[in-house]
Amino acid sequence: MNYQSKVAGDPASPEKRGLGGAIDRLFEVTRSGSTIRTEIIAALTMFLAASYVIVVNPAILQNAGIPFSAGATATVLVSFIGSCAMGLYARSPILVAPGMGINALFAYTMVMGANVPLEIALGCVFWAGMLFTILAMLNLRTAVIEAIPKDLRYGIACGIGLFIALIGLENAKFIVASPDTIVALTQFTPVTLTFVAGFIITAALVVRRIPGAMMAGMIITTVLAIPIGRLWGDGSAFAGGAPDVHTLVNWSGLFAAPDFSFVGRVDLLGALQVAYAPFIFVFLFTNFVEALSTFLGLAEAANLKDESGMPRNIKESMHIDAVAALISAPLGTSPATVYLESGAGIAQGGRTGLVAFIAGLLFLPFLFLSPLLSLVPAIATAPVLILTGLFMSEPMGRINWADMEDAIPAFLAIVLIPLTFSITLGLSLAIIAFVVMKLALGKISEIRPVMWFVAVLAAMLVMQVQ
């Protein structure tokens, strides 16, 4: 994916006039070896690849008590502001939106699992974003990242991926609780078979690398679910406390005013209690590592690097990513982060911030289309969650399984995050295991000071839940 930069005055890149010329100069499109047409196509591809977040993120936040319409409004606003800022300020072709995985931590682990009040949970998101912003401005990300062994980082990513997949299977009620085997396969019904068909279709589209495969899969599965409760099957189990509703797909209108009911509902002082410090750290750690690894991965794949070999405009990009995380809580959603789906746009030839800017603009219409989004049932979003878990599990192959002292903590992170149904607990136990392992082997010098602090926070959390 190498390209030859063209300089101003080059006969091959004549000075352009009008709006197109102004856009070209603002984003340095021609100098980056691209064209405005290519950047627009890349932006559309990127948006389609990541647009599932408009439905999936509010669906997850709804479990925490945030109304779907309010979650959709917050998701659209954060994605619009973060992506446009990434394009205009950082000049990077990278999309920003509420993170998948960390939203599960927010909804399932904090609010539902630990019974943290919703406003305090949003406060934790805010303070994590504040710390992330300070670290980004001070350029201290390297010290924090290096304190966490890479194998453990890989294990944490995989564990979160499996957790997301488990949530998807549970949301579709494909996997159910069992007193004999803990979990079990559900009975096959028209609803279950529709979910299976939707998953197969979505997976096939992803394998064939169809742009917008996940969104297309959700739409197709939604269409397949329309007859349920009307012609066959019973969807009352998905009615959310309204057993008289037997249909999965229910029309509630097309247009609606944005729902700002959760804007500003943040308890900043309550979130500063010592008991919530581990949650703030997990938000900070997850965003910090995910952002840096995404920047590095995309830069390597697309050769978007500067003269020193670092990702192009990494400092400015980290600033925007941090600020997007900071404004997420006041707007009413879990933290925003950079998206790996940005690679879809880069693979289409996108090279400049114009890609992220246009992709951000494409989110705006959905401020007024939230009723349309609520048509999508849980069995349609479940395949997306499962495949997202697959994508997040990719680092598993990079773990050095031959080195047991590093492989054991990584393995614990992989299995304990989904099995405890808690990202925080699984992460905390894996970190404690790493420190204990090094102590038992007499390798105290390999434990960095930051890691000691992290382990103390993890131990505090584990003791709190006992």
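Residues numbered from 1 in each chain as written. Predicted model: local features only at pLDDT ≥ 70, side-chain atom pairs only at ≥ 80, totals over all residues. Heavy atoms only, no water.

(A) Layout of the overall build of the chain. Across its full length, the chain holds 19 helices and 4 strands. The globule rule puts the C-alpha radius of gyration for 466 residues at 23 Å, and the 22 Å found for the chain is close to it. Counting only C-alpha atoms and orienting by the principal axes, one finds that the chain spans roughly 75 × 65 × 45 Å. By the burial criterion, 52% of the 466 residues in the chain qualify as buried. Residue pairs at least 24 apart in sequence account for 78% of intrachain contacts in the chain once pairs closer than 6 positions are excluded. Summed over all atoms, the accessible surface of the chain reaches about 19700 Å², with 67% contributed by carbon and sulfur. Here the chain carries 23 positive and 26 negative side-chain charges, and the mean point of each set is 8 Å from the other. (Helix = DSSP H or I, 4+ residues; strand = E, 2+ residues; numbered from the N terminus. Rg over C-alpha atoms; globule rule 2.2 N^0.38 Å. Buried < 20%, exposed > 50% of the residue type's maximum accessible area, 1.4 Å probe, protein only. Contact = heavy atoms within 4.5 Å. Areas by Shrake-Rupley, 256 points an atom, 1.4 Å probe, with all protein chains shown as cover. Lys, Arg positive; Asp, Glu negative; His and termini not counted. Charge placed at Lys NZ, Arg CZ, Asp CG, Glu CD.)

(B) Highlighting the side chain of Asp 321. Along the chain, Asp 321 falls in helix H12 (residues 314-331). The exposure class of Asp 321 is buried, given its relative accessible area of 0%. Those residues in contact with Asp 321, other than ones at most four positions away along the chain, are Met 86, Phe 132, Asn 287, Ala 291, Ala 336, Thr 337 and Val 338.

(C) Examining the environment of Phe 283 more closely. As for its position among the elements, Phe 283 is in helix H11 (residues 277-302). For Phe 283, a relative accessible area of 1% corresponds to the buried category. Phe 283 has contacts with Ile 102, Leu 105, Phe 106, Met 110, Ala 121, Cys 124, Val 125, Ala 128 and Pro 335, leaving out every residue within four places of it along the chain.

(D) Structural detail: the packing of helix H8 (residues 150-171) against helix H16 (residues 378-392). At a minimum axis separation of 7 Å, H8 and H16 run at an interaxial angle of 165°. Between H8 and H16, the angle is such that the two are roughly antiparallel. Regarding H8 and H16, the two cross each other, and that crossing is left-handed. Contacts between H8 and H16 involve Ala 157, Cys 158, Ile 160, Gly 161, Ile 164, Ala 165, Ile 167, Gly 168, Leu 169 and Asn 171 from the first element and Ala 378, Ala 382, Leu 385, Ile 386, Thr 388, Gly 389 and Met 392 from the second. Split into classes, the residues belonging to the contact of H8 with H16 amount to 12 nonpolar, 5 polar and no charged. (Axes fitted to C-alpha atoms, helices over the stretch in contact; angles between N-to-C directions. Parallel < 35°, antiparallel > 145°, perpendicular 65-115°, else oblique. Left-handed = near helix turned anticlockwise from the far one by under 90°. Nonpolar A, V, L, I, M, F, W, Y, C, P; charged D, E, K, R; others polar.)

(E) Focus on the packing of helix H3 (residues 53-62) against H16. Where H3 meets H16, the closest approach of the two axes is 10 Å, and the angle between their N-to-C directions is 100°. Taken together, the axis directions place H3 and H16 in an arrangement best described as roughly perpendicular. For the pair formed by H3 and H16, the contact residues are Val 55, Val 56 and Ile 60 on the first element and Thr 381, Val 384 and Leu 385 on the second. Partitioning the contact of H3 with H16 into residue classes produces 5 nonpolar, 1 polar and no charged.

(F) Geometry of the side chain of Lys 438. Structurally, Lys 438 can be placed in helix H18 (residues 423-440). Since its relative accessible area comes to 2%, Lys 438 is described here as buried. Apart from the residues lying within four places of it in its own chain, the contact partners of Lys 438 are Glu 405, Asp 406, Lys 443, Ile 444, Glu 446 and Ile 447.

(G) Inspection of the pattern of salt bridges at higher detail. Going through the model one piece at a time under the given rule, you end up with 5 salt bridges. Note that Arg 265 and Glu 119 form a salt bridge whose closest N and O atoms lie 2.9 Å from each other. On the criterion of sequence distance, the pair formed by Arg 265 in the loop between helix H10 (213-225) and H11 and Glu 119 in helix H6 (residues 118-138) is long-range, its members being 146 residues apart. The shortest N-O distance in the salt bridge between Lys 438 and Glu 405 comes to 2.4 Å. Of this pair, Lys 438 sits in helix H18 while Glu 405 sits in helix H17 (residues 404-419), placing them 33 residues apart in sequence. Relative accessible area serves as the criterion here: at 14%, Glu 405 is assigned to the buried category. (Salt bridge = Lys/Arg side-chain N within 4 Å of Asp/Glu carboxyl O.)

(H) Local environment of the pairing of strand E3 (residues 182-185). Pairing analysis gives 4 bridges linking strand E2 (residues 175-178) to E3, with the strands arranged antiparallel. Across the sheet, Ala 177 pairs through a bridge with Val 183, a residue of E3. In this structure, the hairpin formed by E2 and E3 is closed by a connection of 3 residues. (Pairing = 2+ DSSP bridges.)

(I) Just a nonpolar patch on the surface, in detail. There is a patch of nonpolar side chains on the surface, built from Trp 251, Leu 254, Phe 255, Phe 368 and Leu 372 and spanning about 550 Å² of accessible area. Here Leu 372 is to be found in helix H15 (residues 370-373). Residue classification places Leu 372 among the partly exposed positions, given a relative accessible area of 32%. (Patch = residues over 30% accessible without salt bridge, like charges linked within 9 Å, V, L, I, M, F, W, Y side chains within 5 Å.)

(J) Quick peek at the nonpolar core. Core analysis: the biggest nonpolar cluster contains 116 residues, and Met 86, Phe 106, Cys 124, Leu 152 and Phe 283 have the highest contact counts within it. Among residues more than four places away in sequence, those in contact with Phe 106 are Leu 61, Ala 64, Ile 66, Val 111, Leu 118, Ala 121, Leu 122, Val 125, Phe 283 and Ser 334. Core analysis: the second largest hydrophobic core is formed by 12 residues, Phe 174, Ile 228, Leu 375 and Ile 386 among them. (Core = buried A, V, L, I, M, F, W, Y, C linked by side-chain atoms within 4.5 Å.)

(K) Structural context of the packing of aromatic side chains. All told, the structure shown has 8 aromatic pairs when counted by the stated rule. For the pair Phe 47 and Phe 363, a centre-to-centre distance of 5.0 Å together with 85° between the ring planes defines the contact as edge-to-face. Of this pair, Phe 47 sits in helix H2 (residues 36-50) while Phe 363 is found in the loop between helix H14 (353-361) and H15, placing the two residues 316 residues apart along the sequence. A single burial state applies to Phe 47 and to Phe 363, both of which are buried. Taking 5.2 Å as the distance between ring centres and 80° as the angle between the ring planes, the aromatic pair formed by Phe 126 and Trp 127 counts as edge-to-face. Among the residues examined, Phe 126 registers a relative accessible area of 13% and is labelled buried. Given the relative accessible area of 22%, Trp 127 is considered partly exposed. One aromatic cluster in this structure is built from Phe 47, Phe 363 and Phe 366. Over the ring of Phe 262 we find Arg 265, and its NZ or CZ is 4.1 Å from the ring centre. (Phe/Tyr/Trp six-rings, centres within 6.5 Å; stacked < 30°, edge-to-face > 60°. Lys NZ or Arg CZ within 6 Å of the ring centre and 35° of its normal.)

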